[in-house]
Amino acid sequence: MLTAIQAGPLQMAGSTGLDVQYLSLADLPVNSDAWWDSVLGLAHFGLQPFGRSLEQIAVAEVSSAPLADTHSVCEVWRAEGPMTSGRIGAVRFRANKQLLYGCISVSENPARSGESDNEPSPLEQATARAYTDLFATLDAAGYPQLVRIWNYVSSINRDAGDEERYWQFNRARQQSFLSRQRAIVDTVPAACALGTPAGSPLVIYFLASRVAMRAIENPRQVSAYYYPSKYGPSRPTFSRAALLTEVAGGTLLVSGTASIVGHESRHIGDVSAQTRESMANINVLITEANRLCGHQHYAADMLAYKVYVRNPADLPAIAVELRAAVGQHAAVTYLHADVCRRELLVEIEAVSPGMRASH
Ligand code: 3EB
């Protein structure tokens, strides 16, 4: 009787909720259709290929190694079905009624050298191609609101011509938003942009929605879309966090967050202090999210974290600070990756768990 009463409203609340799990390859079931039915998308992190072909599931393959005993980590996004899967251009996607997960991998074409003044560099061309197909997918599938984008750019700190590759990525990204008549301030998606090993393709995965999300900025930081031009001629197009509305599960998605106050990098050379500053920024975003939703719903110890570490030797120092900030129970996944400013040693992103009644 009690179960029957609870099943009604709780199932409703959970019908579009979003959840994330971090699993090793060995944890993925081979023969359980039911388990895969509620997978919205998957991102695999490791130097080896994912190695399984799943017809209905879109798998992003990111060549960043986990800094743990396992060779790979699977980030599994879950939502309630029914779901449909498909492909538009180079994007693979899977979607339920309100949310779409998509991923894309584009190789840079070195034959198009980009040496001449007018021709976009290979990275800019790859970025433009990826975002063209990404926006085409949102239009065709009907999920207009970009919520969160993960960008993995090979050799992100390397100089190319007289600028950094991250600057080229920023130019092409901003241009892609503009050419689609999309906003490049205020209502932009949460995001991150990390460096992968030389020669890796550009890998992008993303979440989009049929319902609105709230973009959140950090009062301690200048919005990235208003950074001064010393950080590159084209500003980065992202918000500090995205908050899905309650109908979409109320999930909080915190962008890649680093040791930046105002617009300046802080604590150069001190990885422990950079970790503390990054967590101070995330705590401010949690406070902002609670203010927007009107009650104390989000807390640091209930988020799941992904931590990008530039130098693997820094892992112990980072882990000490992180546990002090988030407690022993929060899920934390460490990955080896370059952060987009050379002086930044660590970057942290986070997701609130789903509010789903089941699983
Ligand atoms: C920063 O706050 C650090 O270019 O998409 C964080 C999150 C960073 C997203 C992006 C970059 C991006 O500026 C770097």
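Reading the values: the criteria
Residues numbered from 1 in each chain as written. Predicted model: local features only at pLDDT ≥ 70, side-chain atom pairs only at ≥ 80, totals over all residues. Heavy atoms only, no water. Phe/Tyr/Trp six-rings, centres within 6.5 Å; stacked < 30°, edge-to-face > 60°. Helix = DSSP H or I, 4+ residues; strand = E, 2+ residues; numbered from the N terminus. Buried < 20%, exposed > 50% of the residue type's maximum accessible area, 1.4 Å probe, protein only. Expected span 1.5 Å × (residues − 1). Contact = heavy atoms within 4.5 Å. Pairing = 2+ DSSP bridges. Near = heavy atom within 4 Å. Polar contact = N/O pair within 3.5 Å; in protein donor to acceptor, adjacent residues only side chain to side chain. Areas by Shrake-Rupley, 256 points an atom, 1.4 Å probe, with all protein chains shown as cover. Nonpolar A, V, L, I, M, F, W, Y, C, P; charged D, E, K, R; others polar. Axes fitted to C-alpha atoms, helices over the stretch in contact; angles between N-to-C directions.

Draft legend 1. Fine view of the packing of aromatic side chains. Taken as a whole and judged by the stated rule, the model has 13 aromatic pairs. Ring geometry for Trp77 and Trp150: centres 5.5 Å apart, planes at 55°, overall tilted. Separated by 73 residues along the polypeptide, Trp77 in strand S4 (residues 72-78) and Trp150 in strand S8 (residues 145-154) bring together distant segments of the chain. Classification of Trp77 by relative accessible area gives buried; the value is 0%. We classify Trp150 as buried; its relative accessible area is 0%.

Draft legend 2. Highlighting helix H4 (residues 165-179). Here H4 spans 21 Å end to end across 15 residues, near enough to the 21 Å set by a 1.5 Å rise per residue. Among all positions of H4, only Arg165, Tyr166, Gln168, Phe169, Asn170, Ala172, Arg173, Gln174, Ser176 and Phe177 are buried. On its buried side, H4 packs onto helix H3 (122-141), S8, strand S9 (159-160), strand S10 (163-164) and strand S11 (190-196).

Draft legend 3. Molecular detail of the pairing of strand S14 (residues 241-244). Neither face of S14 is left uncovered, since the one carrying Ala241 and Leu243 and the one carrying Ala242 and Leu244 both have all their residues buried. The sheet contact formed by strand S13 (residues 213-216) and S14 spans 4 bridges and is antiparallel. In the sheet register, Ile216 faces S14, and the bridge partner there is Ala241. Relative to strand S15 (residues 252-257), S14 is paired through 3 bridges, and the arrangement is antiparallel. If you follow Ala242 over to S15, its bridge partner there is Leu253.

Draft legend 4. The arrangement of the site of the ligand in detail. In the vicinity of the ligand, the contacting residues are Tyr166, Arg173, Ala191, Cys192, Ala193, Tyr227, Phe238, Arg240, Gly256, Ile260, Cys340 and Glu347. Here an oxygen atom of the ligand and a side-chain polar atom of Tyr227 are 2.7 Å apart. In this structure, Arg240 approaches the ligand through a side-chain N or O atom, which is 2.8 Å from an oxygen atom. Burial of the ligand by the protein amounts to 99% of the accessible area it has alone, namely 360 Å². Where the shell around the ligand is concerned, the elements lending two or more residues are H4 and S11. Along the lines of polarity and charge, the residues of the shell around the ligand split into 8 nonpolar, 1 polar and 3 charged.

Draft legend 5. Highlighting the sheet that holds strand S12 (residues 202-209). Ordered by their spatial adjacency, 7 strands build an open sheet running S5-S6-S7-S12-S8-S11-S20, and the pairing between neighbours is mixed. A strand with exactly one partner marks an edge of an open sheet, and here the two such strands are strand S5 (84-88) and strand S20 (338-339). Inspection of the sheet shows S8 paired to S12 by 7 bridges, in the antiparallel sense. Residue pairing for S12: Gln145 is matched across the bridge by Ser209. Across the sheet, H4 is in contact with S8 and S11; its angle to S8 comes to roughly 150°.

Draft legend 6. Summary view of the pairing of strand S2 (residues 39-46). Within S2, 8 of the 8 residues are buried, which leaves it mostly tucked inside the rest of the structure. Relative to strand S3 (residues 59-62), S2 runs parallel, the two sharing 4 bridges. Bridge assignment links His44 to a residue of S3, and that residue is Glu61.

Draft legend 7. How the structure looks around the sheet that holds S14. Pairing within the open sheet is mixed, and its 6 strands lie in the order S13-S14-S15-S21-S18-S19. The sheet is open, and its two edges are formed by S13 and strand S19 (332-336), each paired on a single side. Neighbour-to-neighbour, the strand axes of the sheet open up by a mean angle of 15°, direction not taken into account. Packing of helix H6 (residues 315-326) onto the sheet brings it into contact with strand S18 (304-309), S19 and strand S21 (346-351), and relative to S19 it is tilted by some 155°.

Scope: geometric values only; no functional claims are made or implied.
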